Amino acid sequence: DKHSFGHDRAGKDRKFPVKQRGGKIVTIDNEHELGDTYPPHPRSSVQPRFATERELRLHRKHEATSQNTVTNAAWHAANPRQVPEPPLAQEFQCEEPRFTRIAERREAFRQSAREEAGLDVVGSGVNPDREECSVGLGYRERPQHATRTELREARKQQR
């Protein structure tokens, strides 16, 4: 509607002004038509990714944190805290030594000395019967030797 009539009746002291904007006559009754006078803005159809600025900041913070985690993991993979040292290689060291401890070498020397002397390599006890005995705390109803004196005499007879 590009024409407006009846302005002469209202006069200059009209309560609501009548204006012409962008080729349209605008009164208080048709102000909503003012949006039709101009074309829509080119970016008015673009929807933002985030509804609020807080959402945007939280998203950026999360992205930075995850990127820093990835970067930190890559750096630690390239620069480990402790680098393993290469194994120690001495001049006359064997891969599989015959003895790994001094006690093993001493035992081998002792066994070879017993063998050269014509004794048992393992070694036997001085009194095998006595050495095989063990101390026990178990209760026996009828012991073989009732007193210690009987036990000593029985052992003397075994010799």
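Focus on the overall build of the protein chain
Of regular secondary structure, the protein chain possesses five helices and two strands. Seen in sequence order, the protein chain has helices and strands lined up from the N terminus as α-β-β-α-α-α-α. In terms of C-alpha radius of gyration, the protein chain reaches 55 Å, well past the compact-globule figure of 15 Å for 159 residues. The burial tally for the protein chain puts 3% of its 159 residues in the buried class. Accessible surface for the protein chain amounts to roughly 16,500 Å². Of this, 51% is attributable to carbon and sulfur atoms. Counting 29 positive and 25 negative side-chain charges, the protein chain places the averaged centre of each group 8 Å from the other.

Some remarks on the layout of surface pockets
As a volume, the largest pocket reaches approximately 790 Å³. Lining the largest pocket are 19 residues, and of these Cys133, Ser134, His145, Leu151 and Arg155 lie nearest its centre. Those elements giving two or more residues to the lining of the largest pocket turn out to be helix H4 (128-132) and helix H5 (148-158). With four residues, H5 is the single largest residue contributor to the lining of the largest pocket. For the lining of the largest pocket, the per-class residue count stands at seven nonpolar, seven polar and five charged.

A few points about the pattern of salt bridges
Once the charged atoms of two side chains with opposite charge are near each other, the side chains can pair. Counted under the stated rule, the structure contains three salt bridges. The residue glutamate 104 makes a salt bridge to arginine 101 at a minimum N-O spacing of 3.9 Å. Residue glutamate 104 is classed as partly exposed on the basis of its relative accessible area of 27%. Judged by its relative accessible area of 54%, arginine 101 is exposed. A salt bridge links glutamate 107 to arginine 110; its shortest N-O distance comes to 2.6 Å. Within this pair, glutamate 107 and its partner arginine 110 are both found in helix H3 (residues 102-117), separated by three residues, close to a single helical turn. Residue glutamate 107 is classed as partly exposed on the basis of its relative accessible area of 33%.

So, the side chain of threonine 37
Among the secondary structure elements, threonine 37 is positioned in the loop between strand S2 (24-26) and helix H2 (53-78). Within the local environment of threonine 37, its side chain forms a polar contact with the backbone oxygen of leucine 34, the two atoms lying 2.6 Å apart.

Rules behind the numbers
- Residues numbered from 1 in each chain as written.
- Predicted model: local features only at pLDDT ≥ 70, side-chain atom pairs only at ≥ 80, totals over all residues.
- Heavy atoms only, no water.
- Helix = DSSP H or I, 4+ residues; strand = E, 2+ residues; numbered from the N terminus.
- Rg over C-alpha atoms; globule rule 2.2 N^0.38 Å.
- Buried < 20%, exposed > 50% of the residue type's maximum accessible area, 1.4 Å probe, protein only.
- Areas by Shrake-Rupley, 256 points an atom, 1.4 Å probe, with all protein chains shown as cover.
- Lys, Arg positive; Asp, Glu negative; His and termini not counted.
- Charge placed at Lys NZ, Arg CZ, Asp CG, Glu CD.
- 1 Å grid on protein atoms, 1.4 Å probe; cavity = no way out; pocket = protein on both sides within 12 Å on 5 of 7 lines; lining within 4 Å.
- Points joined across faces, edges and corners; volume = space filled by probe spheres on them.
- Nonpolar A, V, L, I, M, F, W, Y, C, P; charged D, E, K, R; others polar.
- Salt bridge = Lys/Arg side-chain N within 4 Å of Asp/Glu carboxyl O.
- Polar contact = N/O pair within 3.5 Å; in protein donor to acceptor, adjacent residues only side chain to side chain.

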